[in-house]
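Spelled out, the chains give:
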Amino acid sequence: MSRHLVPALRLLLVFTLLIGGLYPLAVTLAAQLLFPDAAQGSLLRRGEDILGSDLLGQPFSSERYLWPRPSATAPAYDASRSSGSNLGPLSAELASAIEVRAAALRAAHPERTTKPPIELVTSSGSGLDPHVSPQAACWQAARIARARGLQEAEVLALVERYTEGRALGWLGEPRVNVLRFNLALDAPR
Amino acid sequence: MTTFDVLRMLLQFALVLALAAPLGGYLARVLGEGRTPFPGVFAPFERALYRACGIDPKRNMDWRSYALAFLALQLVGFLCLYALLRWQGSLPFNPREFADVPAPLAFNTAVSFVTNTNWQAYGGEATLSYASQTVGLTLQNFVSAACGLSVLAALARGLAARGAEQLGNFWVDVTRSTLYVLLPLALLLALALASQGVVQTFGPYVEAQTLEGGQQLIAVGPVASQVAIKQLGTNGGGFFNVNSAHPLENPTPLSNALQLGALLLLPAACCFMFGRMLGDARQGRSLLAAMALLLVPLNLLAISAERGPAPARIAAVADTGVGFMEGKEVRHGPAESATWATWTTAASNGSVNSMHDSASPLGGGVALLLMLLGEVVFGGVGSGLYGMVVFGLLTVFLAGLMVGRTPEYLGKKVQAFEIQMASIAILAPTATALIGIAVAVLTPSIRASLQDRGAHGFSEFLYAFASAANNNGSAFAGLSADTPLLNFALGLSMLIGRYLVAVPVLAIAGSMARKSPVAASVGTFPTHGALFVILLASSVLLVGALSFAPALALGPLVEHLRVR
């Protein structure tokens, strides 16, 4: 084996330069040139300030905004420590948390007679899910309209405008980007 | 489960196979026939590389030499990665000033990436510097996958040889696999992913002021370059803690589809390469058919399980029509999350786009079963197929026993030595997983790492050891795996699962290379066609079921019965 160790070490050094060094640098250069915005993290800016990333959720609790999903990171939507809850399907802790969240949602949406959609009471895999389903957005529309003094139909129209369909018609699921939607709510009309 | 879910999965699978066929041909040209692309440009570079490393590319190795060279590269790779992790605090490209990785975690992580397992007992964005991620982990993502391809190429040469000793040159195989296969594919995929929003920068983490006036610190990094190879090389070790569930690692349905396809692409292409290197395409296709026969029904079961019905307590307060959503992202949804969970555990990839710990009992059970079958249903790059060939030997052996004939594979007699080696390759990971779980369950200090009690807690252990011993790397992440004892036990399981399979496979290759084929007669059992495919798939299932039925019954099955 010893006579193989020298070539092994040398080959590893060459690969370290080529793959550990050159490859990530080449990809970084190309990505920064071709897709500068995406390579930086698809950041949203307002003037000098960075508002967040177009791809990452952030917490919303005001009545005037569309609410995102619960997040398992502590504090919620901590984009430097992604995490799911990892609670099992029969976990009593999970069931209790879901019951508490559902009750809070029902209390905040007295006009709704239907149960809240499942994703509004469950945390996502990353804890940073930027989306809710169009159904979950519609479910909140009456509350947002009430808080903003709008017609529910206006909010529903905005949901429809901000609903992204399946990619190429068959990949992924329909969804609404919560941050983008809330920016649109704030925008002067 | 809707018809749309089923058709979408089948179309994705068909697309992967359609791409794998020409790629397999390319692999066979590069590794089997030594016809590398653009020799005018790359051949001088390759020769210079061999000269610089003191490698004689013309030297043809017997199986022992080949295995020793393979092990030497692994040993050196392990030591370098271990040292890098232990000293990352004093090295550059560490903008967050992360401390040195503690010894038990560094051992576990170094073993994990060298063995192509990529089990992660750490949270990437909160533990590792950019240097550790790129120079350390990305490098081993390439090398470990190239090693798998090389061992498969050596096995194919051994099976095709007639009375020879030599299996090829390990250094040449590993270099060509890296330069001509993995590197160009990874470059293409990395850029495609970057176009979708996968972040790629060496800049610092970003501070944002949220719309409601809070602070958000956004972890970024050289993600696209690592994600591309972690999918292609069946590695699975992501940049972020939550892997491809993270929106900056897998932001869109298109990036999800690309990563999903990439994780099955090379294991499927290996089948076509194998057939072509043996000069009989049917041999590769029959192994592929057996894999598909096991994959597709399990995939459908996983999708239907994730689509519901949900546990009663949850369904009572929420609209659970879409299915299980805890631990899943809205953009991927339950169906594509289920397909990912199935493929990533079939191929020994181990990346995740949803948290498997929160999956439905049967959905998590499918993931467990696919790992426990030995990572031969597609499996790792190279390693999946050489594992399947071992099961092929077992199948002809069982068939031979039934009719009282000496079994043959590809015209060569399968004798005691080959069956002994095949038994080691099959039993080593199986025994490791079972003994590991038993020890874990009986040791109070290890039991303290569990998040859940009862059936689900048992599943967490079962998953951890199944994942480590079969080099998958995904996890039921409720288990707090970063303890010295678990880091060591799982690290040891990964070592056994990699080398006690790869070395016996090379021994089989060496032994088969020496044999001359005998002419086929009416009594020869052909290793292609429907009968062989069904027998092979049954053998894989039978060995898995006999070994793990009790354990699977105690974990996922008990949970499933309690949901209903």
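Just so we're clear, the structure is a prediction, and the values are computed from it rather than from any experiment.

Chemist: Looking at this structure, I do not really get the overall build of chain A. What am I missing?
Modeler: Of regular secondary structure, chain A possesses six helices and five strands. Walking chain A from its N terminus toward its C terminus, one meets helices and strands in the order α-α-β-β-α-β-α-α-β-β-α. For 189 residues, the compact-globule formula gives about 16 Å, and the C-alpha radius of gyration of chain A, at 22 Å, lies well above that figure. With respect to the principal axes defined by its C-alpha atoms, chain A has extents near 75 × 45 × 35 Å. Scored against the burial criterion, the 189 residues of chain A give a buried share of 54%. Of the contacts made within chain A by residues no fewer than 6 positions apart, 58% connect residues no fewer than 24 positions apart. Accessible surface, chain A: about 8100 Å² in total, of which carbon and sulfur atoms supply 59%. Put simply, chain A has 19 plus and 17 minus side-chain charges, and the middle of one group is 5 Å from the middle of the other.

Chemist: Sorry if this is basic, but what is going on with the pairing of strand β1 (residues 43-46) of chain A here?
Modeler: Successive residues of a regular strand alternate their side chains across the two faces of the sheet. Residues and elements named next belong to chain A. The pairing of β1 with strand β2 (residues 49-53) spans four bridges and is classified as antiparallel. Of the residues in β2, the one forming a bridge with Leu-44 is Gly-52. Between the antiparallel neighbours β1 and β2 lie two residues, among them Gly-47 with a positive phi of about 65°.

Chemist: Help me understand a nonpolar patch on the surface in this model?
Modeler: Taken together, the side chains of Met-1 of chain A together with Leu-68, Leu-75 and Leu-79 of chain B make up a nonpolar region of the molecular surface, amounting to roughly 320 Å² of accessible area. Position of Leu-68 of chain B among the secondary structure elements: in helix α3 (residues 63-86). A residue is classified by how much of its surface remains accessible, and Leu-68 of chain B, at 30% relative accessible area, is partly exposed.

Chemist: Please clarify how the sheet that holds strand β5 (residues 175-177) of chain A should be interpreted in this entry.
Modeler: Residue and element names in this part refer to chain A. What the three strands build is an open sheet, ordered β3-β5-β4; its pairing is antiparallel. Both outer strands of the open sheet, β3 (131-132) and β4 (163-164), are each paired with one neighbouring strand and no more. Across two bridges, the pairing between β4 and β5 is antiparallel. Bridge pairing links Thr-163 to Val-176 in β5.

Chemist: Help me understand the domain arrangement of chain A in this model?
Modeler: How large an interface is tends to be reported as the accessible area lost when its parts come together. As far as domains go, chain A holds domain 1 (1-40) and domain 2 (42-186). Taken over C-alpha atoms, the centre of domain 1 of chain A sits 39 Å from the centre of domain 2 of chain A.

Chemist: What exactly am I supposed to notice about the layout of surface pockets here?
Modeler: To find the voids left in a structure, one rolls a probe of water-molecule size over its atoms. Estimated volume of the largest pocket: approximately 650 Å³. Along its surface, the largest pocket is lined by 35 residues, and Asn-86 of chain A together with Gln-120, Tyr-122, Asn-241 and Ala-477 of chain B are the ones closest to its centre. Here the second largest pocket defines a volume of roughly 450 Å³. Elements that contribute at least two residues to the lining of the second largest pocket include exactly α1 (3-32), α7 (170-196) and α9 (253-277) of chain B. Looking at which element gives the most residues to the lining of the second largest pocket, the answer is α9 of chain B, with seven residues.

Chemist: What am I meant to see in helix α4 (residues 134-148) of chain A here?
Modeler: A turn of α-helix holds 3.6 residues, and therefore any two residues three or four places apart point the same way. Residues and elements named next belong to chain A. With 15 residues, α4 should reach 21 Å at 1.5 Å per residue; the first-to-last C-alpha distance of 20 Å fits that figure. Burial of α4 is extensive: 11 of the 15 residues sit out of reach of the surface. Among the residues making up α4, those that are buried are Pro-134, Ala-136, Ala-137, Trp-139, Gln-140, Ala-141, Ala-142, Arg-143, Ile-144, Ala-145 and Arg-148. At its buried positions, α4 is contacted by α3 (92-108), β3, α5 (152-162), β4, β5 and α6 (178-186). Remark: Gly-149 follows α4 within two positions and exhibits a positive phi of approximately 65°.

Chemist: Just checking my understanding: could you explain unusual backbone geometry for this structure?
Modeler: Glycine aside, residues mostly have negative phi angles, and peptide bonds mostly take the trans form. With an omega of -5°, the peptide bond running from Ala-74 of chain A to Pro-75 of chain A counts as cis. Geometrically, the link from Gly-308 of chain B to Pro-309 of chain B is a cis peptide bond, its omega value of 5° lying close to zero. Along the polypeptide, Pro-309 of chain B turns up in the loop between α10 (281-306) and α11 (312-315). Although it is not a glycine, Asn-243 of chain B sits at a positive phi angle of roughly 60°. Take Asn-243 of chain B: it is sitting in the loop between α8 (223-232) and α9. Asn-243 of chain B gets classed as buried once you look at its relative accessible area, which sits at 3%. For Glu-375 of chain B, which is not a glycine, the phi torsion comes out positive at approximately 55°. Turning to its location among the elements, Glu-375 of chain B is positioned in the loop between α13 (361-372) and α14 (383-403). For Glu-375 of chain B, a relative accessible area of 3% puts it in the buried group.

Calculation criteria
Residues numbered from 1 in each chain as written. Chains lettered and ligands numbered in written order. Predicted model: local features only at pLDDT ≥ 70, side-chain atom pairs only at ≥ 80, totals over all residues. Heavy atoms only, no water. Helix = DSSP H or I, 4+ residues; strand = E, 2+ residues; numbered from the N terminus. Rg over C-alpha atoms; globule rule 2.2 N^0.38 Å. Buried < 20%, exposed > 50% of the residue type's maximum accessible area, 1.4 Å probe, protein only. Contact = heavy atoms within 4.5 Å. Areas by Shrake-Rupley, 256 points an atom, 1.4 Å probe, with all protein chains shown as cover. Lys, Arg positive; Asp, Glu negative; His and termini not counted. Charge placed at Lys NZ, Arg CZ, Asp CG, Glu CD. Pairing = 2+ DSSP bridges. Patch = residues over 30% accessible without salt bridge, like charges linked within 9 Å, V, L, I, M, F, W, Y side chains within 5 Å. Salt bridge = Lys/Arg side-chain N within 4 Å of Asp/Glu carboxyl O. Domains from an automatic or database assignment. 1 Å grid on protein atoms, 1.4 Å probe; cavity = no way out; pocket = protein on both sides within 12 Å on 5 of 7 lines; lining within 4 Å. Points joined across faces, edges and corners; volume = space filled by probe spheres on them. Expected span 1.5 Å × (residues − 1).

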